[in-house]
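Observations on the three-dimensional arrangement
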Amino acid sequence: MTTFAELGVDQDIVEALATKGIVDSFPIQEQTIPLGLPGQDIIGQAKTGTGKTFGFGIPVVQRLGLDPAPGVKALIVVPTRELAVQVYEDMDMLTSNRSTSVVAIYGGKAYEGQIDQLKAGAQIVVGTPGRLIDLNNQRLLDLSGATEVVLDEADKMLDLGFLADIEKIFTKVAPVRHTQLFSATMPGPIVALARRFMTNPIHIRATDPDEGLTQANIKHLVYRAHSLDKDEIIARILQAEGGTKAVIFTRTKRAAQKLVDELNDRGFNAGSVHGDMSQEARERSMAAFKAGKKDVLIATDVAARGIDVDDVTHVINHTIPDDEKTYLHRAGRTGRAGKTGIAVTFVDWDDLHKWALINRALEFGQPEPVETYSSSPHLYEDLDIPAGTKGRIATAPKTQSVRTQKPGRAADAAADTGEDGSRRRRRRRSGTTPVGSTFTEGVDAGASAPASTEARASDASDQDGAGTHDGAGKEHHDGKPAVARRRRRRRHSGGNAPVQGA
DNA sequence: AAAAAAG
């Protein structure tokens, strides 16, 4: 493992990182920082929670040097306000030992403070497109001196919903500049599109082509559940697991609001983040969750990307996401910085085709979600919860459907954590786990190529294997047929992945 | 189609 100092990072930045207990670099950092420092344009791709922010952030800070001249020299664009806050905090930390000033520019907040900071000469701007353009139109934000430009969650920023804004922003920044695009997912067509804004970019993928498409530290489970029962099941999961720190994703803002109210009624300490909340309330929820004052966060896809909270144990998809990229980003809120996590997905009857798509794209090799038999409430108790396998789901029943269960059943379950738990573990070890309840740990077919990084400027293939490939993307990562690669399932990293922070 | 992002 390489230290940041060994990568050529300035001493004051190394010290700032060390203050946070960060000394060793992650692979994406090890690969992009030496290229980013001299100004190479980069498309940086690495799995969720593996350190992309510092991968682009350190070169940005270092390249600005110690020039005291006020004015915007660097621009980092992100898709959500919460991510703007987070990346701002990271950049603020990196610059803590130098005079470089950072400002977060995003909507839902008073203009005044942001404008004041710009007038005071802020040099690094982290922001969301709407407010950036707004202030630029008002001639309060001059981007013409921005020679460092980053798109974080770049594929999202170049998606239809953002593309027009991004194109506009690129007409405002310095024409001769250093441009970096980072994301965990980079479909081929997006890479091709991205080149319009870059100069001879190099595409770095800090992933071992053999290790699969998903984060190895995350265990994935999928269940079919009737939508009317999901609140109950989720409550039971949270209860049964104990000590959970969970992010629960819903498809709509209304569903998020309904679920947070429901869980709080049941005595959970839950917060929410979605676009119908005031920005103040959104940030309060995020801060409380990050600080551990709330242990459940219910969110729309506003929190699917980039948000970094320590020690999230579970991601629960109350509603299955629309595509494999969103699945990957949502699940990636757990299993960060080498830690392990669990992603549980509930699939409504109507959404089975979405599961089929995700299953295929992410090469899970999982044919069908496990049925939870919503019509037979007592079977919820047999829902095979993976994590600590702390026993059955033993929450006191609340809903009508569960109250109809046979008397004594819940009490039995609550008391029965010993024998049943070990029986369950034996069953899993012996391979008779209900079909498909877990499928992260696959058979290791042996041959494991050494981790390699592809860094070919001409390569436009994607990592998530899903989107349409453009011409250059047709070759395989390792020259072997796709089927062979698919068969070689990822190995479970034995918890020896580097731990950053803390 | 929903969510996000200016107000």
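Residues numbered from 1 in each chain as written. Chains lettered and ligands numbered in written order. Predicted model: local features only at pLDDT ≥ 70, side-chain atom pairs only at ≥ 80, totals over all residues. Heavy atoms only, no water.

- Identification of chain A as RNA helicase from Microbacterium invictum is taken from an unreviewed UniProt entry.
- Quoted verbatim from the Sequence similarities (unreviewed entry) heading of the UniProt record, the comment on chain A is "Belongs to the DEAD box helicase family." (UniProt positions renumbered as here; feature names shortened; annotations may be inferred.)

Examining the environment of Lys-172
- Mapped onto the elements of the fold, Lys-172 is located in helix H8 (residues 160-172).
- Sequence separation between Lys-172 and Asp-142 is 30 residues; the distance between their C-alpha atoms is 8.1 Å.
- When residues no more than four places from it in sequence are discounted, the contact partners of Lys-172 are Asn-136, Leu-143 and Ser-144. (Helix = DSSP H or I, 4+ residues; strand = E, 2+ residues; numbered from the N terminus. Contact = heavy atoms within 4.5 Å.)

Thoughts on the pattern of salt bridges
- Per the stated rule, a full pass over the model turns up 20 salt bridges.
- Across the pair Arg-305 and Glu-153 runs a salt bridge whose closest N-O atoms are separated by 2.9 Å. Here the residue Arg-305 occupies a position in the loop between strand E11 (296-299) and strand E12 (314-317), and Glu-153 occupies one in the loop between strand E5 (148-152) and helix H7 (154-157), the gap between them amounting to 152 residues. A single burial state applies to Arg-305 and to Glu-153, both of which are buried.
- Several salt bridges converge on common partners, so that one network encompasses Glu-232, Arg-236, Glu-262 and Arg-266. (Salt bridge = Lys/Arg side-chain N within 4 Å of Asp/Glu carboxyl O. Buried < 20%, exposed > 50% of the residue type's maximum accessible area, 1.4 Å probe, protein only.)

Structural notes on helix H10 (residues 230-241)
- Spanning 12 residues, H10 covers 16 Å between terminal C-alpha atoms, matching the ideal 16 Å at 1.5 Å per step.
- A large share of H10 lies buried, amounting to 11 of its 12 residues.
- Looking at H10, one finds that the buried residues are Lys-230, Asp-231, Glu-232, Ile-233, Ile-234, Ala-235, Arg-236, Ile-237, Leu-238, Ala-240 and Glu-241.
- Of the residues flanking the end of H10, it is Gly-242, one or two places downstream, whose phi is positive at about 65°. (Expected span 1.5 Å × (residues − 1).)

Re the domain arrangement of chain A
- Domain boundaries assigned for chain A yield domain 1 (5-211) and domain 2 (218-429).
- Listed per partner, the contact involves 20 residues of domain 1 and 18 residues of domain 2.
- Counting each side, the surface lost to burial between domain 1 and domain 2 is near 1600 Å², with a carbon and sulfur contribution of 53%.
- If you look at where domain 1 meets domain 2, you find 4 salt bridges.
- Put simply, domain 1 and domain 2 have 13 residue pairs in polar contact (both at pLDDT 80 or more) between them.
- When the residues that make up the side of domain 1 that touches domain 2 are grouped by side-chain class, the tally is 6 nonpolar, 8 polar and 6 charged. (Domains from an automatic or database assignment. Buried area = accessible area lost by both parts, 1.4 Å probe. Polar contact = N/O pair within 3.5 Å; in protein donor to acceptor, adjacent residues only side chain to side chain. Nonpolar A, V, L, I, M, F, W, Y, C, P; charged D, E, K, R; others polar.)

Notes on the pairing of strand E1 (residues 42-45)
- The alternating pattern of E1 places Ile-42 and Gly-44 and Ile-43 and Gln-45 on opposite faces, both of which are buried.
- Alignment of E1 against strand E7 (residues 202-205), held across 4 bridges, turns out to be parallel. When the bridges of E7 are listed, Gln-45 appears paired with Arg-205. (Pairing = 2+ DSSP bridges.)

Quick look at the packing of helix H3 (residues 52-64) against helix H4 (residues 81-94)
- Where H3 meets H4, the axes come as close as 10 Å, and the angle between the chain directions of the two elements is 45°. The orientation of H3 with respect to H4, classified from their angle, is oblique. Seen along the crossing, H3 lies across H4 with a hand that is right-handed. Together, Thr-53, Phe-54, Gly-57, Ile-58, Val-60 and Val-61 of H3 and Val-87, Asp-90, Met-91, Met-93 and Leu-94 of H4 make up the contact between the two elements.
- Of the residues that constitute the contact of H3 with H4, the class distribution is 8 nonpolar, 2 polar and 1 charged. (Axes fitted to C-alpha atoms, helices over the stretch in contact; angles between N-to-C directions. Parallel < 35°, antiparallel > 145°, perpendicular 65-115°, else oblique. Left-handed = near helix turned anticlockwise from the far one by under 90°.)

Describing the nonpolar core
- Phe-4, Leu-17, Ile-58, Ile-76, Met-91, Leu-94 and Ile-124 are the most contacted members of the largest nonpolar core, which totals 52 residues.
- Summarising the domain contributions, this core has at least three residues from each of domain 1 (5-211) and domain 2 (218-429).
- Excluding its chain neighbours within four sequence positions, the residues that come into contact with Ile-124 are Val-60, Val-61, Leu-64, Ala-74, Ile-76, Met-91, Thr-95, Thr-100, Ser-101, Val-102 and Val-103.
- Among the nonpolar cores identified, the runner-up in size contains 35 residues, and Leu-75, Ala-154, Leu-163 and Met-198 belong to it. (Core = buried A, V, L, I, M, F, W, Y, C linked by side-chain atoms within 4.5 Å.)

Remarks on the pairing of strand E6 (residues 178-183)
- The buried fraction of E6 is high, at 6 of 6 residues.
- The alternating pattern of E6 places His-178, Gln-180 and Phe-182 on one face and Thr-179, Leu-181 and Ser-183 on the opposite face, and all of these are buried.
- Across 5 bridges, the pairing between E5 and E6 is parallel. Residue Asp-152 lies in a different strand from E6, and its bridge partner there is Phe-182.

Some words on helix H1 (residues 11-19)
- Among all positions of H1, only Asp-12, Ile-13, Val-14, Ala-16 and Leu-17 are buried.
- Downstream of H1 by one or two residues, Gly-21 has phi in the positive range, about 80°.

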